[in-house]
Amino acid sequence: MNNSPFVRKPASVQSVMLQVLLALVPGIAAYVWFFGAGILVQLLIASAAALAGEAAMLAIRGKPKALFLTDLSAIVTAWLIALTFPPIVPWWLTVTGTLLAVVVVKQLYGGLGQNPFNPAMAAFCLMIVAYPALMSQWPAAGQLDFGTQLKLIFGGLREVDAITGATPLDALRTALRSAASPDSQLHGLRTGQLMDGPAFGLLGGKGSEWIALGYLVGGLWLIQRRIITWHIPAAFCAALFVCAGLLWGMRPDGFASPLFHLASGGAMLGAFFILTDPVSGATTPRGKLLFAAGAAILTYVIRVFGAYPDGIAFATLLMNILVPLIDMNTQAPVFGHKKD
Amino acid sequence: MLRKLFKFHGGVKPHTNKTQSTTAPIAAVPLPERLAIPLHQAVGGHPRPLVAPGDRVFKGQRIGGADGSLSSAVHASTSGIVRDVAPAIMPHTSGLTTLSVVIEPDGEDAWGELEKINYRSTPPDELRDYLRDAGVVGLGGAVFPSYAKLKPGKNGALKTLVINGAECEPFITCDDLLMRERAADMLKGIVAMRHMLHAEEVLIGIEDNKPEAVAAVRAAIAASGEKGIEAVAIPTRYPAGGAKQLIRVLTGIEVPHGRRSTDFGVQCFNVGTAYSIFEALEHGRPLISRVVTVAGNVAAPRNYDVLIGTPMDHVVRLAGPRADTDRYIMGGPMMGVRLPGFDVPVVKATNCILVGSPALFPPPPPEMPCIRCGECAKACPADLAPFEMYWFSRSKNFGKAQEYHLFDCIECGCCSFVCPSHIPLVDYFRFSKSEIWAREREKDSADSARDRFEFKNFRQEREKQEKADKLAAKAAATREKVAGDTAAAPAAAEADAPAAKPKPSADDAKRALIEAAMEKARQQKAQVAPKNTDNLAPEVQANIAAVDARRETAAPPAKPAAGKPDA
């Protein structure tokens, strides 16, 4: 080494990614507790597929394999895919989604650090468009034992409609819509009453609200470790809370409460782990606030007025498109040029 | 009593490694066998040599005279004989040479006659000239001639004089030890600077990892009874010792890139500079030595008072370098420069000789792609977005890099220090800056080449025009002459052929001119063109003449066949 600085902080991409993985553990633990160990199988399948796809692409591109396979970035993508897909999708769907994320969205754009879109979310969007039925089947907490889950994942069992339903978000939206129509038997029921069903817990979905809490804990730890900054999670949660609060405040019987929105679906995973992906997200402090708030508004709109069970994935991709524009226009004034 | 301090953005906290070299006091260094004193040691013009090989010089004798509006003198560090005034390798990564004066010490270390000066009664301009000729430059590392900074600025008075004792670079403790041991004298230098700058208050900023220095300076202030001088302990965070960062911490003022701090009522000097100003004013001693920290891969890290020009290995030997030493770094590990050898001389900018080894400063892990994590932006004390500048530098999009304030980068190394992808960011920025400078130089030289070319065309046009004018004037003169001649001829001639020759035409004049010119050329040719027989001996020439004469008479001149060997 010929040029200063001659000393460096012991930091590496690998250690950043490792800490992100560790921060996911509380959420995963809650997932296993409420929904069974099937998710661990999915995590393994996705990890293996991600490493295989990454290795193949690195070989084709002539890049050092050991260096990039051990940076753990592919594993982070794999885990986010496994955690956002329904836990009982067949193995080939997880593999296809992961390969799309790693091979197409990441490596074909130039590999680590070069992808304009969040690979996991792009994979989610592609899969939900391609396989809407399989991607919408969510078992209720405690509904399926591990054996059934394995059969579902590895193809022994295909009759899933009978045993699985929609996400709490989806269920509530459907219920609210039918409650609004005079022909329905649900007509006239309030949100609180609609949420009395077995799928719902205290704030959001039964079980899933605890997973969200796990993600929140892990995410706060990442902020404390200075791996991510507070801007994106705070702006996302605040904007989602405000959006939901506005409509809920106007018509509490017609819309879910802000806390329901925060505790349901991928809100916490999105706020702390998905939108905070540095490669595809905004980088300036002000830009991060705009980026996350935009994602929250889009998420809310898709959740409430759209056709998909959750809006995080589409919202993330849409905001990824805007990142260069946001970054360019939110550069902070430099030393000596501030107006204060 | 507690002063409100300000924060600068970013910064890092590397291991300070300072305690190792502060256990022992500043030590003297025995005279080396030879001193090589580079003439160009400070920002500004290249000083001219004032001595020649063989000259006897005294300690403190000026050997390089300041040249130009920004330049600083250089002096003999000890008495002895000048052995050479020639290019010698300088302490810089490039390994380039610079004109240096090589002195062989006579061992007497005898001072020449020293002139002292009373700074209170001397006019400011004279005082500045005096300091210029005493070779006082900034000892914090930037080596900017101090006299040029000792002007109060546009307002005629300064609000705050900031004295930099922060010393934020790891390993370096020369300022720390100087403050501990020489606080009283340093303070006298500060009082003189305050006088020259008409400064209202003086703030001496010292990082709080140097409590002994803070205590020593406070004690000195108390003992001196001076008012309006305060030693302020500031939080230890690299680069708090950057002039702009320190000004920000102490006063809250941010001096933008390219502006003078005096415009904001602030000026900043290093503590070592204050001490050398004291030496120059009080004792008349020019800047010929400085405190240098020897640290890193040595058995006993320590500070030494080193004569400028001393070979570095001569100093390092005293501290006991370990066997695996592979390099010297001038400065600290964050901003220091790797030196091209071990025998390069100590110069005014040498605050530290950091002895390195592969174990102490291992090569960084392999460079990974940028993941835009923004750690560099969080660490940047100039509030830049290094990762954006990195993309633009990498793609040689220098215009964009400048738009993102490339030139506000102070190259402190914080971004490279924190980067999890181990990207040598500062190297990219140094590269971009030098590319931009090179392009500007190229553009300048292209501009001046175009100017020269255009002027040449203009000059040729002008000369052509002048020639034509001259020709016309001459022609007119000839015409008049011819007209005069014709007028003298009988009128009858005019009556005979009035149509043929009404008056001398321009053609006639021209023909006359041409004939005159041709005749002149013929004559010149005859005069100038030498014959190959001109330089022969008289008898040979006589022979040739005889032969010629015979040929003339024998035969009519025939054309000899071309290439005929005996022709």
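Residues numbered from 1 in each chain as written. Chains lettered and ligands numbered in written order. Predicted model: local features only at pLDDT ≥ 70, side-chain atom pairs only at ≥ 80, totals over all residues. Heavy atoms only, no water.

**Observations regarding the sheet that holds strand β10 (residues 199-207) of chain B**
All names here are of chain B.
- The 4 strands lie next to each other as β11-β10-β9-β12, forming an open sheet whose pairing is parallel. Two strands bound the open sheet, and with one partner strand each, they are β11 (229-234) and β12 (266-270). Between one strand axis and the next, the sheet turns by 25 degrees as a mean value, whatever way the strands run.
- Here β10 runs beside β11; their pairing, made up of 6 bridges, is parallel. Each residue of the ladder has a partner; that of Glu207, found in β11, is Ile234.
- Here helix α5 (residues 243-251) sits on the sheet and contacts β9 (158-164), β10, β11 and β12; the angle it forms with β9, its principal contact strand, is near 120 degrees. (Pairing = 2+ DSSP bridges. Helix = DSSP H or I, 4+ residues; strand = E, 2+ residues; numbered from the N terminus. Axes fitted to C-alpha atoms, helices over the stretch in contact; angles between N-to-C directions. Contact = heavy atoms within 4.5 Å.)

**Quick word on the interface of chain A and chain B**
- Contacts between the two partners involve 36 residues from chain A, matched on the other side by 52 residues from chain B.
- Together chain A and chain B conceal approximately 3800 Å² of surface at their shared face, both sides included; 59% is due to carbon and sulfur atoms.
- For the interface between chain A and chain B, the tally reads 3 salt bridges.
- The closest approach of N and O atoms between A:Asp327 and B:Arg372, which form a salt bridge, is 3.1 Å.
- Inspection of the chain A/chain B interface yields 19 residue pairs in polar contact (both at pLDDT 80 or more).
- Of all elements in the fold, only α1 (13-35), α3 (65-69) and α15 (312-329) of chain A reach the threshold of two or more residues within the side of chain A that touches chain B.
- Taken together, the residues that form the side of chain A that touches chain B break down as 18 nonpolar, 12 polar and 6 charged. (Buried area = accessible area lost by both parts, 1.4 Å probe. Salt bridge = Lys/Arg side-chain N within 4 Å of Asp/Glu carboxyl O. Polar contact = N/O pair within 3.5 Å; in protein donor to acceptor, adjacent residues only side chain to side chain. Nonpolar A, V, L, I, M, F, W, Y, C, P; charged D, E, K, R; others polar.)

**Details of the pattern of salt bridges**
- Enumeration according to the criterion identifies 36 salt bridges over all chains in this entry.
- For the salt bridge of B:Arg132 with B:Asp133, the shortest nitrogen-to-oxygen distance reads 3.3 Å.
- By relative accessible area, B:Arg132 is classed as partly exposed at 21%.
- For B:Arg248, the salt bridge identified is with B:Glu254, shortest N-O distance 3.6 Å.
- Shared partners join several salt bridges into a network, and the residues in it are A:Lys338, B:Arg248, B:Glu254 and B:Asp383. (Buried < 20%, exposed > 50% of the residue type's maximum accessible area, 1.4 Å probe, protein only.)

**Concerning unusual backbone geometry**
- Cis rather than trans, the peptide bond between A:Ser4 and A:Pro5 has omega equal to -5 degrees.
- In this structure, A:Pro5 sits in the segment before α1.
- Here B:Tyr238 and B:Pro239 are connected by a cis peptide whose omega angle stands at -5 degrees.
- The residue B:Phe171 is not glycine, and still its phi comes out positive at about 75 degrees.

**Topic: the domain arrangement of chain B**
Residue and element names in this part refer to chain B.
- Along its sequence, chain B is carved into domain 1 (19-28 + 115-356) and domain 2 (368-471).
- For domain 1 and domain 2, the distance between their C-alpha centres works out to 32 Å.
- Together, the buried faces of domain 1 and domain 2 total about 700 Å²; carbon and sulfur atoms form 61% of this surface.
- In this structure, the connection of domain 1 to domain 2 is made through 0 salt bridges.
- In this assembly, domain 1 and domain 2 are joined by 3 residue pairs in polar contact (both at pLDDT 80 or more).
- Of the residues assigned to the side of domain 1 that touches domain 2, the class counts are 4 nonpolar, 2 polar and no charged. (Domains from an automatic or database assignment.)

**Overview of a positive patch on the surface**
All names here are of chain B.
- Where like charges cluster on the molecular surface, the positive patch consists of Lys467, Lys470, Lys474 and Lys520.
- The biggest single contributor to the positive patch is helix α12 (residues 425-488), with 3 residues.
- Tracing the backbone through its elements, the reader meets Lys474 in helix α12. (Patch = residues over 30% accessible without salt bridge, like charges linked within 9 Å, V, L, I, M, F, W, Y side chains within 5 Å. Areas by Shrake-Rupley, 256 points an atom, 1.4 Å probe, with all protein chains shown as cover. Lys, Arg positive; Asp, Glu negative; His and termini not counted. Charge placed at Lys NZ, Arg CZ, Asp CG, Glu CD.)

**Quick word on the packing of aromatic side chains**
- In this structure the tally under the stated criterion is 15 aromatic pairs over all chains.
- Measuring from ring centre to ring centre gives 6.1 Å for A:Tyr215 and A:Phe273, while their planes differ by 65 degrees; the resulting arrangement is edge-to-face. On the criterion of sequence distance, the pair formed by A:Tyr215 in helix α10 (residues 208-224) and A:Phe273 in helix α13 (residues 267-274) is long-range, its members being 58 residues apart. Across the pair, exposure class does not vary: A:Tyr215 and A:Phe273 are buried alike.
- Cation over ring: B:Lys149 sits above B:Phe269, and NZ or CZ is 4.5 Å from the ring centre.
- One residue, B:Arg237, lies across the ring of B:Phe8, its end atom 4.5 Å from the ring centre. (Phe/Tyr/Trp six-rings, centres within 6.5 Å; stacked < 30°, edge-to-face > 60°. Lys NZ or Arg CZ within 6 Å of the ring centre and 35° of its normal.)

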